[in-house]
Structures are given as C-alpha cells and as structure tokens.
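Here's the letter readout for the chains.
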Amino acid sequence: MTDKRGKERIIIHIDYDCFYASVWENLRPELRTVPLGIQQKSILATCNYIARERGVKKLQLIKDAKAACPDLVIVNGEDLTPFRDASRSIFNFIAGTLVGTNQMERLGFDEIFIDVTALVDHNLALLLNSAPGDTFSFHLTLSPPHTTFPINLHNLPPYTHPSDSIPPSFSSLSLDTSGQAQPPETIRLLQRLYLATHLATHLRTLVKSTHNHTASAGISTSKTLAKLAGTINKPDAQTVLHPTTTQAFLDKFEIGKIPGIGRKAATIIRQLVNPLIEPEEQLHEEWFEDVKQKVTVLEVRTKLTQVDLARSPLGGTEAAKVWAWIHGLDDQGVGAKKTVPSQITVEDTFRSLTRAEAVMEVLDRLHSKMLSRMSSELVEDPEAAGGVGKKRWIAVPKTYRLSIRTRKHGFGNRVSRSMPLPSWVLSGVINGDNEGTVGRLSREMGWNLMKRALKEEGEERGWDLQLVNVGVAGIEGAEGGRRTIGEFFGGKGKQTVREEVAEVEEMDGEWELWEEECYVDGEEDEDVWGVCSVCGGRMLRFTLEAHARFHALEHSEGMDMDMA
DNA sequence: TGGGGTCCT
DNA sequence: AGGACCC
C-alpha cells in the first residue's frame, strides 16, 4: 500500500556476527583464536566461526558440541548483562550517528532495522543537485550537528544479489547489465539502494572501529527482504537486493525461513501443500504434527491460493499476511527508536525445584537482579553520570508478574500470575534498599503468586518447578522523560512514524525551531544529552551508565571460563 | 533446549 | 493470561 513506485521504503538490516561469542572475544582477546562456545545450561547458545568450522552448531547440546570439537572452549552465557550492555551501546551509538532518523528498531540483542528512506532521499536530492564528481559527501544527519562521510561514486561495496546485477558506477545505473535503458522509476530506486548500500558499509565500519564487532547487513525495500538479503553473504559482509528480482529471490526460501512464519504456521502450510493424511481423517491436533518436509515459497505460491490458507487453521488475518509476504509485499514499518524496554524479566531454569526454602532462595536471587535492572534501565541518576540532581524515573512499570513452568505442565507451557506493582518496590529502587525490598518481594509477591498459580493449576501438592521467571511489565515509554514527537502530534507509537518523517522533510531548513517544539516537557535540551568520557560518543544522558559498564568490561579480567 | 524480548487476542 | 512470533 505504500508501494507507489519511487516511494518504496529503503530498509537496512544489521546483524552482528555470532554476537555473544564476539562480546566474549572482546572481554578476553585470547579467545579470538580458539573455538569458542557460549553455554546456557545444557545447550550452546552460540559459538564463533572457528567452532563452526569444526562442526559445532548453534543451539547444539553441550555434549554433542564437545563430541564434535573436543577442544571447544566454553564460557557461561546465562547472565546476559554484558550482551545487553554491548547491544545497547551499539544501538545508541548508531542512533547518535544518524541524528534525525527515528525509525530504528532492535530485534533481540544482535539485530537492528533502520528505515533510511528519508535520509537516502535527502542525500539523493543533494547528489542530483550537485556538480558531477567522483565522490559525494553523504550526510548522516537530518538535523544538527551535521556529519558526513565520503562515498566513491565509481565503486559500489560488495555484494549485490543477483551477483553484479547493479553496476558499480552511480552514473551507470540508468542502464541494465546488457546496456538496456531502464525505466525512470527503476533508475531512481537503484540510485536510492546505491546510496543505502554505501551507508550500510559505513555503519558496519563504524561499529567495527568503535565496538569491535563485525556485522552482516541486508539492504532492500522492506523489513522481510532486507533481513533475508543479509543472510546471503555472512560474516562481515552485506548484500543489496536488485529490486526487480525479489520474487525470484523469495521463491527459493523454505516457507519456515520467512520472518513471521514460525513453527506453527510453517507446519500448517507444509501440510496444506503436501497432505500426508486424507482430508476426512484429519483431526485438528494432527495439523500440528511436524512432518519435517521442505516446502518452498514458490510451491506455496503456485500450489495454494490465499483462500486455501485462509480456510486452514491459520485463519484469514494470518493468511493475508503470509500471502503478502511471500509475494514480496511487506508493509511492516520499522518501529520508532525505543530507549526504555516495555518489560524487564529475569529467569532461571532447573531440572527440579521442590523445596520451599530453595524456591525462596531462587526468588531472592531473581528479584535482586530485577531491582538492579530496574535501577539501571529505568532510573536516571545525574550523579552517577557526573552531574548533580536527584534520581528520577524515566518510565515506571505498572505490574509485577511471576511465571513458572512445572514438570507436570511440561514443555513450552508457562503459567503466569500478575499484580499491580506496589509503590514500596519503586521506593526501594530509588533508595537503594535492595536487601529489604528483595525479601519483601519474595515473601509478599512472588511466593503468594506462585501458590495461587499452583493451586489454580491443581498442583498444590507435589509440585516440581522447571522454570521461575519474575519481572515488571506495563512500562510505558516516557522516552527520556519527554514526550515523543508522535505523542506531541496526538498519534501513538509505530503507526505515526512515517508521518513524522514526512513532517520533518517538509519543515526542511527550519529543523532547529522544529526540534525545540518536539519536546513539550519544559526542560532544557542540553540536559538530555551527554558525552562519554572514554570514547567521546554523544548519547542520551541516561544511557551513559550502561555505556560506561560496556567500557568497564572491555578487557576486564575475572569472568569465569571453563576450558573443556 | 536458553534467557531473554515483541505484539496480538 | 496466554499465545504467536523474534533472537
């Protein structure tokens, strides 16, 4: 629907290579040259490329990984703090680099989508209005302070898909590879992708030089295509999709590889394409039996209709989305930059947990981590950042939630109970009374909700916990304590972001005036921004603390390592 | 088979 | 409160 030609969005997807392993390699540089795996309980969360060459796989059982690679070095990755800090630091760094670009969304700890449409269009206008030359200064910012980087107009960074389908020289984009003239809309789209490709390379270079993480990137016209494009050339590389060949590109993927089509949906679709059971004999439960066949997007498109999908257990709404995705139509907008999470949870898993005292110890430990994270992610402490002033909440959670999995309940099934978050928890965080607050949380909140959940699930006696998760939720973004641009215009979140970009474009040279009006909270702007004393990076002041922990961990000693 | 996250129903 | 999806 936003696919008016010439107005396609331009999306960059960045994915840091084997991120957890890379974070550990920065903590302990000697790990760079050995096969390295990151352990969480009985599985390897991820591993570096040296380990992969030796036959180690992501999400493999530890014992299988050790069998494949006996000298695998294993580190524990159950505490996500270093990964979370590095992830936030890189995200904030990129956000600080692309000032004025607000559609920037994290997926997990190691992926970022950036909608660079406005930025690229701004630069294309500059380029087309300037005298022809061999280089062009790409403007990274849409608002001051302005920064640029030079791009070589005769050299397109590798790679394109299909190979060499886009000429390396900007001035040659008007002709296809056989010298045939291209339609104007195609030329313009190629020019925009060309600029975005240079930008992606620059961002990857910056991430490498400031944070020492290599990344892979995909450049295309939607989230789905950008993400899939990034899988073509992998590690430390990138791929731009030629815009007229996207259907052929999509057709080759197994249906379950399409982002948004998960295990349930993929199983249903595979069954529809290749029914193993006569229709009359199909019972509802059998729809979900995993038959492990490979069905490509092409097969789904040609052997089924959208109506077939809609009549399946997928339902009409999901069917419509799937049908659009596999035809290269993907309307999903990149969400607005988020600096506060909407929930904070902490969990641990067990083979068996049956004693009340053991449960209380677990609750204490989880609550302690929960409070630390509330303090570092939701509270701004001017003094910790080297200034003066009182601590204040950036955003406040509304609910407390406890989630458990019991042996009887089994597998993926969690049961959860929640309550309004009492104000004494908030005071405890602000006053730094961790010990008192932890005890009270475990006794008055966690334990009671657990008893309620077990009772209502009929497991009052003989319970056996496999997972305990506690957290706070309903954190509504105050985005740095100020209202966001979207809220200022009376919109809400994601849906309004495209309109914001349009507004910014129209305001054009009057950005400074505009920036003043974006914030209606009355505080001075200076206040919000801080500069890191170690690397000089400019970032939102309340993010400095996590950023500082990122620096503190660089080359630090003393984290546990287990040589297998 | 982890320890997180998101949004939708 | 649960379920789908993502890493």
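Residues numbered from 1 in each chain as written. Chains lettered and ligands numbered in written order. Predicted model: local features only at pLDDT ≥ 70, side-chain atom pairs only at ≥ 80, totals over all residues. Heavy atoms only, no water.

- Per an unreviewed UniProt entry, chain A goes by DNA/RNA polymerase and derives from Ascobolus immersus RN42.

**Quick look at the packing of aromatic side chains**
For step 1, the next point in the chain: Inspection of the entire model under this criterion finds five aromatic pairs.
For step 2, the next point in the chain: The ring of F91 carries R106 above its face, with NZ or CZ at 5.9 Å from the centroid.
For step 3, the next point in the chain: We note R440 situated over the ring of W424; from NZ or CZ to the ring centre the distance is 4.1 Å. (Phe/Tyr/Trp six-rings, centres within 6.5 Å; stacked < 30°, edge-to-face > 60°. Lys NZ or Arg CZ within 6 Å of the ring centre and 35° of its normal.)

**Section: the sheet that holds strand β12 (residues 343-353)**
Working definition: the strands of a sheet are paired by backbone hydrogen bonds and lie parallel or antiparallel to each other.
For step 1, the next point in the chain: Judged by pairing direction, the sheet is antiparallel, and its four strands sit side by side in the order β12-β17-β15-β16 without closing on themselves. Bordering the open sheet on either side are β12 and β16 (415-420), each of which pairs with just one other strand. The average undirected angle you get between the axes of adjacent strands in this sheet is 15 degrees.
For step 2, the next point in the chain: Sheet topology places β12 next to strand β17 (residues 465-473); eight bridges connect them, and they run antiparallel. If you follow T349 over to β17, its bridge partner there is L467.
For step 3, the next point in the chain: Running over the sheet, helix α13 (residues 356-378) touches β12, β15 (399-406) and β17 and is turned about 160 degrees from β12. (Pairing = 2+ DSSP bridges. Helix = DSSP H or I, 4+ residues; strand = E, 2+ residues; numbered from the N terminus. Axes fitted to C-alpha atoms, helices over the stretch in contact; angles between N-to-C directions. Contact = heavy atoms within 4.5 Å.)

**Some remarks on the protein's contact with DNA strand C**
For step 1, the next point in the chain: Surrounding DNA strand C, one finds 13 residues, the nearest of these being E111, K227, A265, S416 and S418.
For step 2, the next point in the chain: When atoms of DNA strand C within 4 Å of the protein are sorted by moiety, sugar and phosphate together comprise 100%.
For step 3, the next point in the chain: Within the side chain of E111, one N or O atom sits 3.4 Å away from a sugar or linking oxygen of DNA strand C.
For step 4, the next point in the chain: Backbone polar atom of K264 to a phosphate oxygen of DNA strand C: 3.4 Å apart, as the coordinates give it.
For step 5, the next point in the chain: Sorting the residues of the surface near DNA strand C by element identifies α9 (263-273) and β16 as the ones contributing at least two each.
For step 6, the next point in the chain: By residue number, the principal contributor to the surface near DNA strand C is β16, which donates four residues. (Near = heavy atom within 4 Å. Polar contact = N/O pair within 3.5 Å; in protein donor to acceptor, adjacent residues only side chain to side chain.)

**What to know about the domain arrangement of chain A**
For step 1, the next point in the chain: Domain annotation for chain A reports domain 1 (11-16 + 83-251), domain 2 (19-78 + 557-563), domain 3 (255-326), domain 4 (343-473) and domain 5 (485-522).
For step 2, the next point in the chain: If you average the C-alpha positions of domain 3 and of domain 4, the two centres end up 39 Å apart. (Domains from an automatic or database assignment.)

**Overview of the nonpolar core**
For step 1, the next point in the chain: Of all hydrophobic cores here, the largest spans 59 residues; its most connected members are I14, F19, I94, L98, I114, F138 and L199.
For step 2, the next point in the chain: With 10 residues, helix α6 (residues 184-211) is the single largest residue contributor to this core.
For step 3, the next point in the chain: Among the domains, domain 1 (11-16 + 83-251) and domain 2 (19-78 + 557-563) are the pair contributing at least three residues each to this core.
For step 4, the next point in the chain: Within the second largest apolar cluster, 40 residues are counted, among which are V346, Y400, L426 and L454. (Core = buried A, V, L, I, M, F, W, Y, C linked by side-chain atoms within 4.5 Å. Buried < 20%, exposed > 50% of the residue type's maximum accessible area, 1.4 Å probe, protein only.)

**Quick notes on the pairing of strand β7 (residues 135-139)**
For step 1, the next point in the chain: Residue alternation in β7 divides its side chains into a buried set, F136 and F138, and an unburied set, T135, S137 and H139.
For step 2, the next point in the chain: Relative to strand β8 (residues 148-152), β7 runs antiparallel, the two being bridged by five bridges. Along β8, the bridge assignment pairs H139 with T148.

**Looking at the packing of α13 against helix α15 (residues 434-456)**
For step 1, the next point in the chain: At a minimum axis separation of 8 Å, α13 and α15 run at an interaxial angle of 125 degrees. On the basis of the axis angle, α13 is oblique to α15. Taken as a pair, α13 and α15 cross one another with a handedness that is right-handed. On α15, the residues that touch A356, V359, M360, L363, D364, H367, S368, M370, L371 and S372 of α13 are N434, T437, V438, G439, L441, S442, R443, G446, W447 and M450.
For step 2, the next point in the chain: The class makeup of the residues in the contact of α13 with α15 is 10 nonpolar, eight polar and two charged. (Parallel < 35°, antiparallel > 145°, perpendicular 65-115°, else oblique. Left-handed = near helix turned anticlockwise from the far one by under 90°. Nonpolar A, V, L, I, M, F, W, Y, C, P; charged D, E, K, R; others polar.)

**Focus: the pattern of salt bridges**
For step 1, the next point in the chain: All told, the structure shown has 26 salt bridges when counted by the stated rule.
For step 2, the next point in the chain: Where K369 meets D79, a salt bridge forms, and the shortest distance between an N and an O atom there is 3.8 Å. Note that K369 is positioned in helix α13 and D79 in the loop between β4 (73-76) and α4 (81-97), a separation of 290 residues in sequence.
For step 3, the next point in the chain: One salt-bridge network, in which partners are shared between bridges, spans E8, D121, R188 and R192. (Salt bridge = Lys/Arg side-chain N within 4 Å of Asp/Glu carboxyl O.)

**Remarks on the environment of L402**
For step 1, the next point in the chain: Among the secondary structure elements, L402 is positioned in strand β15.
For step 2, the next point in the chain: Between the C-alpha atom of L402 and that of T141, which follows or precedes it by 261 residues, the distance is 43 Å.
For step 3, the next point in the chain: If we skip the residues at most four places from it in the chain, L402 touches L363, V415, S416, R417, G446, L449, M450, V468, N469 and V470.

**Description of the confidence of the model for chain A**
For step 1, the next point in the chain: Residues at a pLDDT of 70 or more form 80% of chain A, whose mean pLDDT is 86.
For step 2, the next point in the chain: Within the model, the stretch residues 279-288 combines pLDDT values under 50 with 14 contacts to residues more than four positions away or in other chains.
For step 3, the next point in the chain: A low-confidence stretch, residues 555-564 stays under pLDDT 50, and its non-local contacts, those more than four residues away or across chains, total 25 contacts. (pLDDT = per-residue confidence, 0-100.)

**Section: the environment of E383**
For step 1, the next point in the chain: Tracing the chain through its elements places E383 in the loop between β13 (379-380) and β14 (392-393).
For step 2, the next point in the chain: According to the relative accessible area criterion, E383 is exposed, its value standing at 54%.
For step 3, the next point in the chain: It is 44 Å that separates the C-alpha atoms of E383 and T221, two residues lying 162 residues apart in sequence.
For step 4, the next point in the chain: Leave out the neighbours within four places in its chain, and E383 touches V388 and G389.

**Remarks on the state of the cysteines**
For step 1, the next point in the chain: Counted according to the given criterion, the structure contains zero disulfides.
For step 2, the next point in the chain: Considering cysteine sulfurs only, C47 is the nearest to C69, which forms no disulfide, with 9.0 Å between them.
For step 3, the next point in the chain: C69 sits in the buried class, given a relative accessible area of 0%. (Disulfide = S-S within 2.5 Å.)

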